[in-house]
Amino acid sequence: MADRRRQLDDAEPAADTGGKRLCAATREALDPSELIRFVADPAGTIVPDLARRLPGRGVWVKADKATVAQAVRANVFARSLKRPVKADPALAERVEHLIERRAVEALAMANKAGLVTTGFAQVDALVESGAAVILVQGADAAASGREKLARKFVAVARAKGREAALVTSLSTEQLSLAMGRSNVVHAALIQGGAAARFLEEAERLSRYRSGSAASGGPENAQDLEV
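Residues numbered from 1 in each chain as written. Predicted model: local features only at pLDDT ≥ 70, side-chain atom pairs only at ≥ 80, totals over all residues. Heavy atoms only, no water.

A. Examining the nonpolar core more closely. With 53 residues, the main nonpolar core has Phe38, Phe77, Ile134, Leu189 and Phe198 as its most contacted residues. For this core, the leading source of residues is helix H4 (residues 91-112), giving eleven residues. Setting aside chain neighbours within four positions, we find Ile134 in contact with Phe153, Ala165, Val167, Ala187, Ala188, Leu189, Ala195, Phe198 and Leu199. (Core = buried A, V, L, I, M, F, W, Y, C linked by side-chain atoms within 4.5 Å. Buried < 20%, exposed > 50% of the residue type's maximum accessible area, 1.4 Å probe, protein only. Helix = DSSP H or I, 4+ residues; strand = E, 2+ residues; numbered from the N terminus. Contact = heavy atoms within 4.5 Å.)

So, in structure tokens, the structure goes:
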């Protein structure tokens, strides 16, 4: 058991394996997709390694905001690395901003790939056609304006036998930034690799904020009755 625990604590991520890692804060053995890797930079400051590419020994923490904050308060990083390090008290908020940025950048890439439609009427038509695989709506948009379109999207997705991938984790300002235009409230994505990448990042953001386990499903489509 001790050997297994040491392997989970110390092993670096490997692209060709599905090996689990041990959360340094909760001691849960989790899939790397449910964790965030942190390393110490040359100055001894803890930095998040969301892409899992930075050199050095990694400290793995469950990918939710509360657990990252707990890790900072409990001095988990110094204990895991067995040396003095500095962890910003606002590290959990910093990680959230970084994940937000990755989601916005992924949406911008999907837009450049020609996979994104914006505007209520245009999105509504794409949803009705059945071609929309992801519906994105501004988190701060009026609920009345979001629900009608969301319900239709969920109904069409279910009729086609697929999950309704509904993303509401980004603000209208962030959607507008990704699209390079103002006042983007609704967007829909058609099938494509860049669309799948965006959904992965958006779900990562939602899970980080909520603390829910990775499920691969939509953010809140289950709350919509059709």
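B. Quick look at the side chain of Gln137. Summarising the element assignment, Gln137 is placed in strand E7 (residues 134-137). Within the structure, Gln137 has its side chain in polar contact with the backbone oxygen of Arg146 (distance 3.0 Å). In this view, Gln137 contacts Gly145, Arg146, Leu149, Ala150, Leu166, Val167, Thr168, Leu170, Leu175, Val185 and His186; residues no more than four positions away in its chain are not counted. (Polar contact = N/O pair within 3.5 Å; in protein donor to acceptor, adjacent residues only side chain to side chain.)

C. Fine view of the sheet that holds strand E6 (residues 116-118). Spatially, four strands are ordered E6-E9-E7-E8 in an open sheet, and the strand pairing comes out mixed. In this open sheet, the two edge strands, each paired with only one partner strand, are E6 and strand E8 (165-167). Across the sheet, the mean angle separating the axes of adjacent strands is 20° when strand polarity is ignored. (Pairing = 2+ DSSP bridges. Axes fitted to C-alpha atoms, helices over the stretch in contact; angles between N-to-C directions.)

D. Layout of helix H8 (residues 193-210). If you check H8, its first and last C-alpha atoms are 26 Å apart, about what 18 residues at 1.5 Å a residue would give, namely 26 Å. Considered for burial, the residues of H8 that qualify are Ala195, Phe198, Leu199, Glu201, Ala202, Glu203, Arg204, Leu205, Arg207 and Tyr208. Contacts from the buried residues of H8 go to strand E3 (35-40), helix H2 (65-73), H4, E7, E8 and strand E9 (186-189). (Expected span 1.5 Å × (residues − 1).)

E. Quick look at the packing of H4 against H8. Close contact between H4 and H8 brings their axes to 8 Å; oriented N to C, the two are set at 160°. What the angle tells us is that H4 and H8 run roughly antiparallel. In this structure, H4 meets H8 at a crossing whose hand is left-handed. Touching Ala92, Val95, Glu96, Ile99, Glu100, Arg102, Ala103, Ala106, Leu107, Met109 and Ala110 of H4 are Ala194, Ala195, Arg197, Phe198, Glu201, Ala202, Arg204, Leu205, Tyr208 and Arg209, all from H8. Taken together, the residues that form the contact of H4 with H8 break down as 14 nonpolar, no polar and seven charged. (Parallel < 35°, antiparallel > 145°, perpendicular 65-115°, else oblique. Left-handed = near helix turned anticlockwise from the far one by under 90°. Nonpolar A, V, L, I, M, F, W, Y, C, P; charged D, E, K, R; others polar.)

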